Amino acid sequence: LSPPSQSRASSRSLLTSSRTPTVKSSPSFPQVTKSRMPVMKNSLEQQLACEEVYSPKYLAKLMDKYWTEASEREKQIQREEEKKLKCEKETEELYETIEQRLNSQLKITQVALPEVEPEDETEMPELTEEMMAVIRRAERSRGEVLVNAHKIQITVKDIGTLRGLNWLNDEIINFYMQMIVTRSGNGKFCSVYAFTTFFYPKLKEGGHATVKRWTKKVDIFSHSLILVPVHLGMHWCLATIDMASKVITYYDSMGGNNTNCLKCLADYLKEEHLAKKGTPLDLANWSQVIAKQIPQQMNGSDCGMFACKFAEYLSRRAKITFSQQDMPYFRKRMIYEIVKNTLLHP
């Protein structure tokens, strides 16, 4: 048997435990501190963070890339500029060499026209009322052929190029040149031959071979003066080959210096002489001249008129005395002359 004291203590312990309610302990959770809170990122930020452009090194990388390209481009530009300057220098030296050769071999000069014995100065004929009636009828024609001569038909459309400030067409200039040629056959003036307006562009493009057949039945060396209308696309000029004076002259009412035209005609003369005469033509005693101190046009429309009037005056060895002020009169006069197929004098 156990001692009585221990029995009583045990009894009190059981009694106390039976009276004290049982308290359930709450589940323990890990303590979360502020420093351990997870940072939430939205999807756009995460997506942008993956892009290269948001990298701190991107700007430096970009600058390095394009700086390199810009630097290389600058070097290339500098190289091209150096090449350009070199080419310009070589071209300038080449032109100087060519100019020296032309001046020494072809004797190209830019001088005033030599004085010629002019015709007696006479006033230009007045256009009478009868002449004006012919001119008005031609201008008001309804499209029929007004004149058919020199293997050229002139219609009211062609006559219309002589009105106002219109540009002259090929038909008008060719017809006028042929009237000059016809007049030269009367014995009063020097013998004249005129090429058509299509001759020079063809010659310039392909040389003598392309126009060799144009003079199949013509000996240009038997004429005193050769007229060559020169069409430069938007501008009419005149070149002449004076067999008597041995000079090739270029007339430009806008002051142009077309030495290429002179050389082209000189080469043509040599090849034409070789083809027709069987011997080369010696141009040592020939001169090539850019005509200066000649009338100049004051508008952009009368170049064809100036070319025609240069030809007409030169064909009768007359001193060139007309001016821009005479062009309205000459336009009316040329309508009458073409319709009547007769040149007025002087």
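Quantities reported herein were computed from a predicted structural model and do not represent experimental measurements.

Novice: Please clarify how the packing of helix α10 (residues 303-315) against helix α11 (residues 327-340) should be interpreted in this entry.
Specialist: Relative placement of two packed helices is described by the angle separating their axes and the distance separating the axes. It is at 11 Å that the axes of α10 and α11 come closest, and there the two elements cross at 75°. Compared by their axis directions, α10 and α11 come out roughly perpendicular. Between α10 and α11, the residues in contact are Met-305, Phe-306, Cys-308, Lys-309 and Tyr-313 and Met-327, Phe-330, Arg-331 and Met-334, respectively. Taken together, the residues that form the contact of α10 with α11 break down as seven nonpolar, no polar and two charged.

Novice: How should helix α4 (residues 129-139) be read in this particular structure?
Specialist: Along an α-helix, residues three or four positions apart point the same way, because every turn accommodates 3.6 residues. Those residues of α4 not exposed but buried are Met-131, Val-134, Ile-135, Ala-138 and Glu-139. The buried residues of α4 occupy one face: seen down the axis, they fall within an arc of 135°. The outward face of α4, more than 90 degrees from its buried face, is lined by the exposed residues Glu-129, Glu-130 and Arg-137.

Novice: Is there a simple way to think about the pairing of strand β8 (residues 287-292) in this case?
Specialist: Successive side chains on a regular strand alternate, one facing one side of the sheet and the next facing the other. Bridge analysis of strand β7 (residues 247-251) against β8 gives four bridges, and the strand direction is parallel. Note on β8: the bridge partner recorded for Ile-248 is Gln-288. The parallel pair β7 and β8 is bridged by helix α9 (residues 259-277), and the resulting crossover is right-handed.

Novice: I'm lost on a positive patch on the surface in this one. Help?
Specialist: Residues Lys-151, Arg-213, Lys-216 and Lys-217 make up a contiguous surface patch of positive charge. Given a relative accessible area of 87%, Lys-151 falls into the exposed group.

Novice: In this structure, what is going on with the confidence of the model for the protein? I would like to understand it.
Specialist: Detailed reading of the predicted coordinates is not advisable wherever pLDDT is low. Averaged over every residue, the pLDDT of the protein is 84; residues scoring 70 or more account for 79%. In this model, residues 6-11 is a region of pLDDT below 50 whose contacts with residues beyond four sequence positions or in other chains number one contact. Low pLDDT (under 50) marks residues 13-18, which in the prediction has zero contacts with non-local residues, meaning those over four places away or in another chain.

Novice: Where do I start with unusual backbone geometry in this structure?
Specialist: Leave glycine aside and you will find that most residues have negative phi; peptide bonds, for their part, are mostly trans. In this model, His-345 is joined to Pro-346 through a cis peptide bond whose omega is 0°. Among the structural elements, Pro-346 can be located in the segment after α11. Look at Gln-293: it is not a glycine, yet its phi comes out positive at around 55°.

Novice: Looking at this model, I keep getting lost on the pattern of salt bridges. Mind explaining?
Specialist: Where charged atoms of side chains with opposite charge meet at close range, the side chains can pair. Under the criterion given, the structure shown has 15 salt bridges. For Glu-272, the salt bridge is made with Lys-276, and the minimal N-O distance between the two is 2.9 Å. Of this pair, Glu-272 and Lys-276 both sit in helix α9, four residues apart, which is roughly one turn of the helix. Residue classification places Lys-276 among the partly exposed positions, given a relative accessible area of 34%. One network of salt bridges, with partners in common, ties together Arg-183, Lys-309, Glu-312 and Arg-316.

Novice: Is there a simple way to explain a nonpolar patch on the surface in this structure?
Specialist: A cluster of nonpolar side chains, Leu-59, Leu-62, Met-63 and Tyr-66, forms an exposed patch at the surface whose accessible area comes to about 410 Å². Mapped onto the elements, Leu-62 comes out in helix α3 (residues 58-106). Given the relative accessible area of 30%, Leu-62 is considered partly exposed.

Novice: Can you help me understand the packing of helix α6 (residues 170-184) against α10 in this one?
Specialist: Contact geometry for α6 and α10: axes closest at 10 Å, N-to-C directions at 5°. By the angle class used here, α6 and α10 are roughly parallel. In this structure, α6 uses Ile-173, Tyr-176, Met-177, Ile-180 and Arg-183 to contact α10, whose residues at the interface are Gly-304, Ala-307, Cys-308, Lys-309, Ala-311, Glu-312 and Ser-315.

Novice: Would you mind going over the nonpolar core with me for this structure?
Specialist: Generally speaking, a soluble globular protein has its nonpolar side chains buried in company with each other. Within the largest apolar cluster, 50 residues are counted, with the highest numbers of intra-cluster contacts made by Leu-227, Leu-238 and Ile-338. The dominant element in this core, judged by the number of residues it contributes, is α10, at nine residues. With near-sequence residues (within four places) excluded, Leu-227 lies in contact with Met-177, Ile-180, Val-192, Tyr-193, Ala-194, Phe-195, Leu-238, Ala-239, Thr-240 and Ala-311. Leu-281, Leu-283, Trp-286 and Ile-290 belong to the second-largest nonpolar core, a separate cluster that totals 28 residues.

The rules behind these values
- Residues numbered from 1 in each chain as written.
- Predicted model: local features only at pLDDT ≥ 70, side-chain atom pairs only at ≥ 80, totals over all residues.
- Heavy atoms only, no water.
- Axes fitted to C-alpha atoms, helices over the stretch in contact; angles between N-to-C directions.
- Helix = DSSP H or I, 4+ residues; strand = E, 2+ residues; numbered from the N terminus.
- Parallel < 35°, antiparallel > 145°, perpendicular 65-115°, else oblique.
- Contact = heavy atoms within 4.5 Å.
- Nonpolar A, V, L, I, M, F, W, Y, C, P; charged D, E, K, R; others polar.
- Buried < 20%, exposed > 50% of the residue type's maximum accessible area, 1.4 Å probe, protein only.
- Arc of directions from axis to C-beta.
- Pairing = 2+ DSSP bridges.
- Right-handed = clockwise from strand over helix to strand, strands pointing away.
- Patch = residues over 30% accessible without salt bridge, like charges linked within 9 Å, V, L, I, M, F, W, Y side chains within 5 Å.
- Areas by Shrake-Rupley, 256 points an atom, 1.4 Å probe, with all protein chains shown as cover.
- Salt bridge = Lys/Arg side-chain N within 4 Å of Asp/Glu carboxyl O.
- Lys, Arg positive; Asp, Glu negative; His and termini not counted.
- Charge placed at Lys NZ, Arg CZ, Asp CG, Glu CD.
- pLDDT = per-residue confidence, 0-100.
- Core = buried A, V, L, I, M, F, W, Y, C linked by side-chain atoms within 4.5 Å.

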